[in-house]
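Residues per chain are reported as follows:
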Amino acid sequence: MKIIILLLFVICCMLATHFCSPIIEEDDFSSFASPCLQPPTNFKKRYFVHNNIHVTFLEAWRQCQAIGLRLATITSEEDSKLMQETIANSTNTKGPWYIGGTDLGNEGHFVWISTNKPVGHMTGYFNYSPGQPDNAGGSENCLEIGRWGGVVWNDEPCDAKLRYICESVTPNWS
Ligand SMILES: *[C@@H]1O[C@H](CO)[C@@H](O)[C@H](O)[C@H]1NC(C)=O
Ligand SMILES: [Ca+2]
Ligand SMILES: [Ca+2]
């Protein structure tokens, strides 16, 4: 009996692999385990500029989370352009705002707290202001954008009270 069930299982697996095209290998999609659930090949990012309150980095992280979003990540020139446009369209275009990068716990090695990926991961995209990150005073561990205008990044003490920018990333099935 066990053998028959096992055989049926193997046949089902073979059929499933036969009828579904292969899973696209990309580490971001590792949660798409079912052979028949196609991972989206395309994602649409949106940014949400929050100008109404000034909070610490961890508060900003939680504020985004509380409304089903996450603290912003910027991993390409395209993201940066979208960011620039979203800020220009927002109710207050004067920063700085927190974005989701931090080197807390591992000085000099920034990660995006929203994705656990190193800043620059895969794409090699960085947009630091010249001379940044400088870890000024030995205690700048969180990334902000727009301190001196524009959309370049700077490291800043994580307990500074700043505006912040969240993001949503949704599959683009078309
Ligand atoms: C910004 O506003 C313009 C004009 O209303 C609109 O066309 C554009 O899509 C907006 N961009 C973003 C990212 O919100
Ligand atoms: Ca630092
Ligand atoms: Ca700095």
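Residues numbered from 1 in each chain as written. Chains lettered and ligands numbered in written order. Predicted model: local features only at pLDDT ≥ 70, side-chain atom pairs only at ≥ 80, totals over all residues.

**A word on the overall build of the protein**
What counts here: Note on conventions: DSSP H or I runs of at least 4 residues are helices, E runs of at least 2 residues are strands, and numbering of each starts at the N terminus. Put simply, a residue is buried when 20 or more other C-beta atoms lie within 10 Å of its own C-beta and exposed when 12 or fewer do; between those, it is partly exposed, and each C-beta is set from the backbone. Residue pairs qualify as contacts under a 7 Å threshold applied to their C-beta atoms, which are placed from the backbone.
Scanning the protein from terminus to terminus reveals three helices and eight strands. Scanning the protein from its N terminus toward the C terminus, one meets helices and strands in the order α-β-α-β-α-β-β-β-β-β-β. When each of the 174 residues of the protein is scored for burial, the buried share is 26%. Pairs at least 24 residues apart make up 66% of the contacts formed inside the protein by residues separated by at least 6 positions.

**Some details on the environment of P171**
Counting through the fold element by element, P171 comes out in strand β8 (residues 162-171). The exposed category is assigned to P171, around which 12 C-beta atoms lie within 10 Å.

**Looking at the nonpolar core**
Put simply, the rule reads: Here a nonpolar core is just a set of buried residues of the types Ala, Val, Leu, Ile, Met, Phe, Trp, Tyr and Cys, joined wherever their C-beta atoms sit within 7 Å.
Counting 28 residues, the largest nonpolar core has L71, W97, Y98, I99, Y164 and I165 as the members making the most contacts within it. Contacts of L71, omitting those with residues within four sequence positions, involve A60, W61, C64, Y98, I99, G100, I113, S114, Y164 and C166.

**Let's talk about the site of ligand 1**
Where we set the bar: In this analysis a residue is considered near a molecule or strand if the C-beta atom, reconstructed from its backbone, is found within 6 Å of that molecule or strand. Residues are grouped as follows: Ala, Val, Leu, Ile, Met, Phe, Trp, Tyr, Cys and Pro are nonpolar; Asp, Glu, Lys and Arg are charged; all remaining types, including Gly, are polar.
All residues adjacent to ligand 1 are L82, E85, T86 and N89. Per-class residue counts for the shell around ligand 1 are one nonpolar, two polar and one charged.

**So, the environment of I87**
Examined against the element boundaries, I87 turns out to sit in helix α3 (residues 77-89). We classify I87 as buried; it has 21 C-beta atoms within 10 Å. In the structure, I87 is positioned 59 residues away from G146 in sequence and 9.4 Å away in space, judged by C-alpha atoms.

**Quick word on the confidence of the model for the protein**
Here is the rule: What pLDDT reports is the predictor's confidence in each residue, on a scale of 0 through 100.
The predicted model of the protein has a mean per-residue pLDDT of 87, with 79% of residues at 70 or higher. Contacts for the low-pLDDT stretch residues 17-27, under 50 throughout, to residues beyond four places or in other chains number nine contacts.

**Quick word on helix α2 (residues 57-66)**
Under the convention used in this document: The directions from the helix axis to the C-beta atoms are what the arc is built from.
What α2 keeps buried is the set F57, A60, W61 and C64. Seen along its axis, α2 keeps its buried residues to an arc of 105°; they face one direction. Residues of α2 that are exposed and point more than 90 degrees away from the buried face comprise R62 and A66. Those residues of α2 that are buried lie in contact with β1 (43-55), β2 (70-71), β3 (97-102), β6 (142-145) and β8. Positive backbone phi, approximately 75°, marks G68, located one or two places after α2.

**Quick word on unusual backbone geometry**
Residue G95 is joined to P96 through a cis peptide bond whose omega torsion reads 0°. You can see P96 is positioned in the loop between α3 and β3. With an omega of 0°, the peptide bond running from Q132 to P133 counts as cis. Along the chain, P133 falls in the loop between β5 (117-118) and β6.

**With respect to the pairing of β6**
Put simply, the test is: In short, DSSP must find at least two bridges between two strands for them to pair.
Burial along β6 is two-sided: the face carrying C142 and E144 and the face carrying L143 and I145 are both buried. Here β6 pairs with strand β7 (residues 153-156) via four bridges, running antiparallel. In the sheet register, I145 faces β7, and the bridge partner there is W153.

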